[in-house]
Amino acid sequence: MSTLPVPAGPAGGPLYLDYNATTPLDPRVTAEMMPYLTEWFGNPSSDHAYADRPRKGLARAREQVAALIGAEPAEIVFTASGSEADQLALRGAVLASAVRRPHVITQVSEHPAVLETCRALARLHGVRVTCLPVDSDGLVAPSALAAALDEDTVLVSVMAANNETGALQPIAELAALAHEHGALFHCDAAQAAGKIPLDVGELGVDLLTVVGHKMYAPKGTAALYVRDGIRLEPVVYGGGQERGWRAGTENVALAVALGTAAQLAGDALDAGEAQRLAELREDLHARLERGLPGRVRRNGPAAGRLPNTLNVSIDGVRGHDLLAAVPGLAASTGSACHSGRHTPSPALSAMGIGPERALGALRLSLGRWTTAADMRSAAALITSAAADQALGAP
């Protein structure tokens, strides 16, 4: 991957290991997108020459996103964010349902885009919501879903991969259970799309969210796969764009960016990118264990997780303190900051991880421009800071 064009970034900026939060914009994506912000500015719904290139660009982008996940182009609906795609899936399915008091099932460590939509549906529409527990690896047990399903269940929503630990849920098995009870299945694949192979047919999902800024496209572009035949209530009402579910003149430039990113991600998977990242991740983990013997504990499953994600807790330190002491590294912690107070990650807490271990967690997520040299540098920075903080502990 050393021949890849390098994304723009701050000169002399810190080592970036926060790809799960957002990815740099791939220069190849920028190059494909830019003409649609300048000379190819027409409205794709118009009937004159200025509309031709935007209309074709939009159609091509739909094909590229569909190809990444094994869908048909007509099943791709462009949105402005993953949160909007999730809302279209959940709210759209519930409000289009004929069930008098719909029931929705999700899980406790789901992304807030899903959890908050479920809470809003309960508050505004009287929807019953069940949040399934997860085990110590952060996984939903199919038996727990089977026990929660009933005749009023309209939709089950479970993410493909956890954004903090990288844990991969048994989506195909969960979707099959939902279908046995006549329920639809939605999967937020924001973290998984482009990192591992996904095929909506093999997974058996009805709805699936793809997010641009998690795979080297700009923020503000995403898509929802909607299986042919599914009925949804629109998320934006208006002129009928995006099959009537998401009205508003299409942002062709951002759709083209998402399509290009999807094609590049598929090409990278074919070239072995997942294996490359998994090897780098394991190298980093091994270096941390050697540098901090007996103090490093992995959070999440040892297998069955995203190839780019390493979540570890280091005994004797708190994640936010460690990163504050290492300005040369950009990564995430296992805590959330509220008004200056740090609290354990809800996802780690749901796995039964205690507060001290959760507060000591680091999420180190790798990506397209991560190198073996970066792993050596990151391990040295973290090891040194963790050793200093342990020595300074009372």
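Above this text sits the structure in question.
Quick caveat, the model's predicted, so the values are computed rather than measured. Per chain, the residues get numbers from 1 upward, laid out in the order the sequence is written. Given that this is a predicted model, residues contribute local features only at a pLDDT of at least 70 and side-chain atom pairs are listed and counted only at 80 or more, while totals for whole chains, interfaces and linings are drawn from all residues. As a rule here, side-chain values come from all non-hydrogen atoms in the structure, and water together with hydrogens is ignored.

### A few points about the overall build of the chain
Each helix is a run of DSSP H or I of at least 4 residues and each strand a run of E of at least 2, with the numbering of both proceeding from the N terminus. In terms of regular secondary structure, the chain is built from 13 helices and 15 strands. Dimensions of the chain, computed from the C-alpha atoms along their principal axes, are close to 70 × 55 × 40 Å. Across the 394 residues in the chain, those meeting the buried criterion constitute 54%. Here a residue-residue contact requires only that any non-hydrogen atoms of the pair lie within 4.5 Å. Sequence-distant contacts in the chain: of pairs separated by 6 or more residues, those separated by 24 or more amount to 72%. Computed with the Shrake-Rupley method and a 1.4 Å probe, the accessible areas treat only the protein chains shown as cover for residues. Looking at the chain as shown, the accessible area adds up to about 16,300 Å², and 54% of this sits on carbon and sulfur atoms. Charge-centre separation for the chain: the mean point of 33 positive side chains lies 4 Å from the mean point of 41 negative side chains. Exposure categories follow from relative accessible area, calculated using a 1.4 Å probe and restricted to protein chains: below 20% of the type maximum is buried, above 50% is exposed, and the middle band is partly exposed. Counting rule applied: Lys, Arg positive; Asp, Glu negative; His and chain ends not counted. In this description, the location of a charge corresponds to atom NZ of lysine, CZ of arginine, CG of aspartate or CD of glutamate.

### Quick notes on empty space enclosed by the protein
The way it works is a 1 Å grid over only the protein atoms, where trapped points that fit a 1.4 Å probe form a cavity and open points with protein on both sides within 12 Å along at least five of seven lines form a pocket, and then any residue with an atom within 4 Å of a point lines it. Grid points are joined across faces, edges and corners, and a volume is the space filled by probe spheres set on the points. For the structure shown, the criterion picks out one cavity of 30 Å³ or more. For the largest cavity, the calculated volume is near 170 Å³. Elements supplying a minimum of two residues to the lining of the largest cavity: helix H8 (252–270) and helix H9 (273–291). Each residue is assigned to one class: nonpolar for Ala, Val, Leu, Ile, Met, Phe, Trp, Tyr, Cys and Pro, charged for Asp, Glu, Lys and Arg, and polar for all the others, Gly among them. Residue composition of the lining of the largest cavity, by class: 11 nonpolar, four polar and four charged.

### Regarding the state of the cysteines
Here a disulfide denotes a covalent bond joining the sulfur atom of one cysteine to the sulfur atom of another. The definition used for a disulfide is geometric: two cysteine sulfur atoms within 2.5 Å. Applying the stated criterion across every chain yields a total of zero disulfides. Of all cysteine sulfurs in the structure, the one in Cys118 sits closest to Cys131, which takes part in no disulfide; the separation is 6.4 Å.

### A short note on the sheet that holds strand E15 (residues 361–365)
Two strands are said to pair when DSSP picks up at least two bridges between them. Within the open sheet, the four strands sit side by side as E9-E10-E15-E12. Their pairing is antiparallel. The open sheet is flanked by strand E9 (296–298) and strand E12 (332–333), the only strands paired with a single partner. Here five bridges tie strand E10 (residues 309–314) to E15, and the two strands are oriented antiparallel to one another. Residue pairing for E15: Val312 is matched across the bridge by Leu362.

### Regarding the sheet that holds strand E8 (residues 222–226)
The seven strands lie next to each other as E2-E8-E7-E6-E5-E3-E4, forming an open sheet whose pairing is mixed. Looking at which strands have only one partner, the edges of the open sheet turn out to be strand E2 (76–79) and strand E4 (128–132). When the angles between neighbouring strand axes are averaged without regard to direction, this sheet yields 20 degrees. One ladder, built from four bridges, connects E2 with E8; its direction is antiparallel. All axes are obtained by fitting lines to C-alpha atoms, using only the stretch in contact for helices, and the reported angles, taken between N-to-C directions, cover 0 to 180 degrees.

### A look at the packing of aromatic side chains
Ring pairs shown here join Phe, Tyr and Trp side chains whose ring centres sit within 6.5 Å, with only the six-membered ring taken for Trp; geometry is labelled stacked below 30 degrees between planes, edge-to-face above 60, and tilted in between. This structure, assessed with the given rule, holds five aromatic pairs. Relative to Tyr50, the ring of Phe41 has its centre 5.3 Å away and its plane inclined at 35 degrees; by these criteria the two rings are tilted. Chaining the aromatic ring pairs together yields one cluster made of Tyr16, Tyr19, Tyr216 and Trp369. A ring has a charge above it when a Lys NZ or an Arg CZ is no more than 6 Å from the ring centre and no more than 35 degrees off the ring normal. If you follow Arg53 out to its NZ or CZ, it ends over the ring of Trp40, 3.7 Å from the centre. Of note, Arg368 hangs over the ring of Tyr216, and the distance from its end group to the ring centre comes to 3.9 Å.

### With respect to unusual backbone geometry
For Tyr216, which is not glycine, the phi dihedral falls at a positive 75 degrees. Here Tyr216 shows up in the loop between strand E7 (207–211) and E8. Given the relative accessible area of 9%, Tyr216 is considered buried. Backbone geometry places Arg243, a non-glycine residue, at a positive phi of 60 degrees. Mapping Arg243 onto the fold places it in the loop between E8 and H8.

### Details of H9
One less than the residue count of a helix, multiplied by 1.5 Å, gives the span that helix is expected to have. Here H9 contains 19 residues, and its C-alpha end-to-end distance of 27 Å stays within 8% of the 27 Å for a straight helix at 1.5 Å per residue. Within the sequence span of H9, burial applies to Glu273, Leu277, Ala278, Leu280, Arg281, Leu284, His285 and Leu288. One side of H9 carries all its buried residues, which in axial view fall inside an arc of 165 degrees. With respect to the buried face of H9, the exposed residues turned more than 90 degrees away are Glu279 and Arg290. This arc is taken over the directions from the axis of the helix to the C-beta atoms.

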